[in-house]
Amino acid sequence: MHAIIVSATGGPEVLEYVERPDPVPGDGEVVVDVAASGVNFIDIYHRSGVYPLDLPTPIGSEGAGTVSAVGAGVRDVAVGDTVAWANVMGSYAEKAVVPARRLVPVPEGVPAEVAAAAMLQGMTAHYLITSTHEVKRGDQVLVHAGAGGMGQLLIQLAKLKGAKVYTTVSTGEKEKLARQAGADEVLGYDDFAEALRDRIDVVYDGVGKATFDGGLEALRPRGLMALYGAASGAVPPLDPQVLNRKGSLFLTRPTLVHYIAAREELLQRASDLFGWITSGQLAINVSHRYPLAEARQAHDDLAARRTTGKLLLIP
């Protein structure tokens, strides 16, 4: 089979398309014939060394496909099942080995490509909207990068909960996508802080360094900054007294792994997510598909913000 591995940290050029032996499942593991792998910023962090890994390593943390083999002790998954996963390394491959406890069943009516596109970003949006801050009717919500894959999901789910949603974009074309997702007001990155000063209940910020300070200005007293990513770079160290001076603000740096650590929570979030998709309440925008061998181009496009919606690698 073919897979993408990383032997040294660096830019997209360190992604190697290689041939490897077909995997064999161990105890509690499953082999999946991968239909699609999601491309995410965390993959860039792994590749570049921002999140260090032991090298060489397979890469990619999200996908969906059909079970082709099961290891000893696996009871809830069978050959032929369509499954999906997130936060499991080695997903940029034609075949992936996944612990059975990390898999979720994909219901009929949800194509495998859609499931692959929905898992990591969809469950991230789920926990941000329902757990990090439980969005409710009338909340004033700011979502940065509203035309991106995460931004479009957050806008849709916040609107589903009854919030008024503001978002930021960089171009007119991206503004159209954000409005199609349901954003009530679309702002530029240069003026959002002044326009929204002291009005916002929760900021969902996956951009990081470029937007963080402005997001604090937009928050009302006792508002929450949910900093879930750093697409523009890491936020510098912060004196906690800043949160005091700006109105007893709350700051969290959440990550998906802590919101799906229990299998029951993983299954519940996935069930909600697929339910919204099948009912038509949540649209998954797959904007770019690349052959697995073109993973370098996918990473380059994502990092340069040349894309909107979700990117997939197709083996």
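Structural data are supplied above this passage.
The rules behind these values
Residues numbered from 1 in each chain as written. Predicted model: local features only at pLDDT ≥ 70, side-chain atom pairs only at ≥ 80, totals over all residues. Heavy atoms only, no water. Axes fitted to C-alpha atoms, helices over the stretch in contact; angles between N-to-C directions. Helix = DSSP H or I, 4+ residues; strand = E, 2+ residues; numbered from the N terminus. Parallel < 35°, antiparallel > 145°, perpendicular 65-115°, else oblique. Contact = heavy atoms within 4.5 Å. Nonpolar A, V, L, I, M, F, W, Y, C, P; charged D, E, K, R; others polar. Pairing = 2+ DSSP bridges.

Draft legend 1. Spotlight on the packing of helix 2 (residues 112–132) against helix 8 (residues 263–279). It is the contact of helix 2 with helix 8, at a shortest axis distance of 9 Å, that shows an interaxial angle of 110°. With respect to each other, helix 2 and helix 8 are oriented roughly perpendicular. Contacts from Val114, Ala115, Ala118, Met119, Gly122, Met123, His126, Tyr127, Thr130 and Ser131 of helix 2 reach helix 8 at Leu266, Arg269, Ala270, Asp272, Leu273, Phe274, Trp276 and Ile277. A breakdown of the residues in the contact of helix 2 with helix 8 according to their chemical character gives 12 nonpolar, 4 polar and 2 charged.

Draft legend 2. Structural context of the packing of helix 3 (residues 149–160) against helix 4 (residues 172–181). At a minimum axis separation of 8 Å, helix 3 and helix 4 run at an interaxial angle of 30°. By the angle class used here, helix 3 and helix 4 are roughly parallel. Judged by residue contacts, Gln152, Ile155 and Gln156 of helix 3 engage Leu177, Ala178 and Ala181 from helix 4. Its residues placed into classes, the contact of helix 3 with helix 4 shows 4 nonpolar, 2 polar and no charged.

Draft legend 3. View of the sheet that holds strand 1 (residues 2–6). With respect to topology, 3 strands assemble into an open sheet ordered 2-1-4, the strand pairing being antiparallel. Taken across any chain shown, the strands that pair with only one partner, and hence form the sheet edges, are strand 2 (15–19) and strand 4 (57–58). As paired elements, strand 1 and strand 2 share 5 bridges and run antiparallel to each other. Along strand 2, the bridge assignment pairs His2 with Glu19.

Draft legend 4. Seen up close, the sheet that holds strand 11 (residues 185–187). One open sheet accounts for 6 strands, arranged 11-10-9-12-13-14; its pairing is parallel. Lying at the two open borders of the sheet, with one neighbouring strand each, are strand 11 and strand 14 (250–252). With strand direction ignored, the average angle separating the axes of adjacent strands in the sheet is 15°. Pairing between strand 12 (residues 200–205) and strand 13 (residues 219–227): 5 bridges, direction parallel.

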